[in-house]
Amino acid sequence: MSTLQKLFEKEGAMLFQNESMALDHYYLEPYQDANDDDADIYDMASVFEKSPVKTKKRLEIPDVPFSLFHYFMDGSRRTYKIGDLVIAGKKIYPVIAAQVRAGCVQRNSTKVSKQTLLSQNYLLISSSFNDVNFDQIKARIRRCTKLMYPLMVEKYTFNKMKDSAPNNAAIAKANSLMHKLEIDILTEMVTAGVLDTNKMLIVDGPLQFLAEDNGKDDFADLFYNVIGVSKSFDPNLSISDKRSGAHIGAQILNLNYGERTPVFKKKNSRGRVFGFWYLRIRKPQNVKNPLDGIIKVEKMAIREDIENGFDTDVIDNISLSLIAERIPTCHGKDNRWPNHLYPVYLAETMIKSTFASEVAFISQFQRDVF
């Protein structure tokens, strides 16, 4: 057995482990829709639903609330820089370790319980590292039986034109691996036939799974009974192509409780079409900040929806269901409570309870176990 440092040394690379840090403490949490493809094309000048809706629509909230949602899924990851790798004496890149989780909870009557939980831990190495040496290290780590938390080894690619720093490229890779786990869960649910129009799934965040999208119809079919809900979103998104165009954040300040915007249209680089809208689920007088209580909802357009837009009744029923999900709240437990849906909060809590402690996870990379 050897240390991780010696393992790299045998493969002709120097690993310096003077500094280990949790990257999530150093980088601000981005807006949930910040993962949107840079090539996304927005159409916010027209309405992407069948009935005309102007700047906003007031929903008729029923006396007896109902919800179409039965399943709630979230993904989370924690990333740590465990050292710097000097490759062939010419290049230096961080080596990142990541804990990646995805899980889903289900609601039966009034009880919320675990449906699925997937966990993986990764060591992320720059793609500039020689393929042969990378494969040797990957094989050694895979055979290692002394690790407290078993690891898989993956490469990340740093693109100077896209990534501000190699650490960000590695974090993006960890996010992609998290999304893969989410798609694995969704595929299993759809295959098992547990989703229905009255048993829909809420995914925490936007429905952007670019790396996992195979471009085929069967991938889109996974999302027929799925919506994405973002607690935070870019308020500076322009609602017109003009440089001087207004920001969506300014427009939705006027939403009152129970009101939504029209459905807007977005197309990503895979050619997938999405509808998205904003909905206020809490009264403005009950929250501190002007955008508190407003969520961004996203649904993938499938088949006839792509050309004709969404049925307005479907959008209204989804919105009313989300308003029904506004209580109970996680007030006092999570500062994001005005924009959080409690079952999603429970899914998030379940997932985060499985993370190993920072000290225990990082310390294994210093020990003589490889």
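Attention in this report is confined to the structure presented alongside it.

The subject of this paragraph is empty space enclosed by the protein. The final tally for this structure, using the stated rule, is three cavities of 30 Å³ or more. A volume near 40 Å³ is recorded for the largest cavity. Along the walls of the largest cavity sit Ile-202, Val-203, Asp-204, Val-229, Lys-231, Asn-339, His-340, Leu-341 and Val-344, which together make up its complete lining. The class makeup of the residues in the lining of the largest cavity is five nonpolar, two polar and two charged.

In this section: the side chain of Asn-225. Note on placement: Asn-225 falls in the loop between helix H4 (217–221) and strand S10 (226–230). Classification of Asn-225 by relative accessible area gives buried; the value is 12%. In terms of polar contacts, Asn-225 uses its side chain to reach the backbone amide nitrogen of Thr-197, at 3.5 Å. Not counting residues within four places of it along the chain, the set of residues in contact with Asn-225 comprises Leu-195, Asp-196, Thr-197, Met-200 and Leu-201.

A separate point is the state of the cysteines. Put plainly, a disulfide is one covalent bond tying together the sulfur atoms of two cysteines. Tallying each qualifying case throughout the model produces zero disulfides. The closest cysteine sulfur to the non-disulfide-bonded Cys-104 is located on Cys-330, 18 Å from its own sulfur. A residue is classified by how much of its surface remains accessible, and Cys-104, at 0% relative accessible area, is buried.

In this approach, a probe sized like a water molecule rolls over the atoms, and the result shows the empty space that is left. A volume near 370 Å³ is recorded for the second largest pocket. Lining the second largest pocket are 17 residues, and of these Thr-197, Tyr-224, Lys-299, Asp-305 and Val-314 sit closest to its centre. Looking at the lining of the second largest pocket, the elements with two or more residues in it are strand S14 (294–300), helix H6 (304–308) and helix H7 (312–324). Sorting elements by how many residues they give to the lining of the second largest pocket places H7 first, with four residues.

What follows covers the packing of aromatic side chains. Counted under the stated rule, the structure contains 13 aromatic pairs. Each ring, one from Tyr-149 and one from Phe-361, has its centre 5.9 Å from the other, and the planes form 50 degrees; the classification is tilted. Pair noted here: Tyr-149 is in the loop between helix H2 (131–143) and strand S8 (152–156) and Phe-361 is in helix H9 (residues 358–363), with a separation of 212 residues, a long-range link. You can call Phe-361 buried: its relative accessible area is 0%. One aromatic cluster is present, formed by Tyr-42, Phe-233, Phe-264, Phe-276 and Tyr-278 through successive ring pairs. Over the ring of Phe-276 we find Lys-296; its NZ or CZ atom is 4.8 Å from the centre of that ring. Above the face of the Tyr-224 ring, Lys-299 is positioned so that its terminal group lies 5.8 Å from the ring centre.

With respect to the helices, strands and loops of the structure, Asn-159 is situated in the loop between S8 and helix H3 (166–192). The sequence separation of Asn-159 and Ala-169 amounts to ten residues, and the corresponding C-alpha distance is 7.6 Å.

In this section: H3. With 27 residues, H3 should cover 39 Å at 1.5 Å per step; its first-to-last C-alpha distance of 39 Å lies within 8% of that length. Phi turns positive, to about 70 degrees, at Gly-193, one or two residues after H3.

For the rest of this paragraph, the subject is the nonpolar core. Ranked by size, the top nonpolar core spans 65 residues in total, and within it Leu-4, Leu-123, Ile-141 and Phe-223 carry the most contacts. In terms of residues, this core owes the most to one element, H3, which gives eleven residues. The next biggest cluster of nonpolar side chains, apart from the first, holds 30 residues, and it includes Leu-68, Met-200, Val-263 and Ile-281.

Relative to strand S7 (residues 111–126), strand S6 (residues 91–108) is paired through 13 bridges, and the arrangement is antiparallel. The residue bridging Ala-97 from the neighbouring strand is Leu-123, located in S7. Of the pairings in the sheet, the one linking S7 to S8 comprises five bridges and is parallel in character. Opposite Leu-124, over in S8, you have Glu-154 as the bridge partner.

Two side chains bearing opposite charge may form a pair once their charged atoms approach each other closely. Tallying each qualifying case throughout the model produces 18 salt bridges. Measuring nitrogen to oxygen at the nearest pair gives 3.0 Å for the salt bridge that ties Asp-221 to Arg-303. Linking Asp-221 in helix H4 with Arg-303 in the loop between S14 and H6, this pair joins segments that are 82 residues apart in sequence. Assessed through its relative accessible area of 31%, Asp-221 is described here as partly exposed. It is possible to trace a salt-bridge network through shared partners that takes in Glu-49, Lys-57, Arg-260 and Asp-316.

A separate point is unusual backbone geometry. Cis geometry marks the peptide bond from Ile-327 to Pro-328, where omega comes out at 0 degrees. Relative to the helices and strands, Pro-328 resides in the loop between H7 and helix H8 (342–352). Although it is not a glycine, Ala-88 sits at a positive phi angle of roughly 55 degrees. Looking at where Ala-88 falls in the secondary structure, it is placed in the loop between strand S5 (69–87) and S6.

Residue placement: Glu-259 occurs in strand S11 (residues 259–260). Of note is the side chain of Glu-259, whose polar atom sits 3.2 Å from the side chain of Arg-58. From its side chain, Glu-259 meets the backbone nitrogen of Asn-256 in a polar contact 2.8 Å long. Other than its neighbours up to four places away in sequence, Glu-259 contacts Lys-56, Lys-57, Arg-58, Asn-254, Tyr-278, Leu-279 and Arg-280.

Rules used throughout
Residues numbered from 1 in each chain as written. Predicted model: local features only at pLDDT ≥ 70, side-chain atom pairs only at ≥ 80, totals over all residues. Heavy atoms only, no water. 1 Å grid on protein atoms, 1.4 Å probe; cavity = no way out; pocket = protein on both sides within 12 Å on 5 of 7 lines; lining within 4 Å. Points joined across faces, edges and corners; volume = space filled by probe spheres on them. Nonpolar A, V, L, I, M, F, W, Y, C, P; charged D, E, K, R; others polar. Helix = DSSP H or I, 4+ residues; strand = E, 2+ residues; numbered from the N terminus. Buried < 20%, exposed > 50% of the residue type's maximum accessible area, 1.4 Å probe, protein only. Polar contact = N/O pair within 3.5 Å; in protein donor to acceptor, adjacent residues only side chain to side chain. Contact = heavy atoms within 4.5 Å. Disulfide = S-S within 2.5 Å. Phe/Tyr/Trp six-rings, centres within 6.5 Å; stacked < 30°, edge-to-face > 60°. Lys NZ or Arg CZ within 6 Å of the ring centre and 35° of its normal. Expected span 1.5 Å × (residues − 1). Core = buried A, V, L, I, M, F, W, Y, C linked by side-chain atoms within 4.5 Å. Pairing = 2+ DSSP bridges. Salt bridge = Lys/Arg side-chain N within 4 Å of Asp/Glu carboxyl O.

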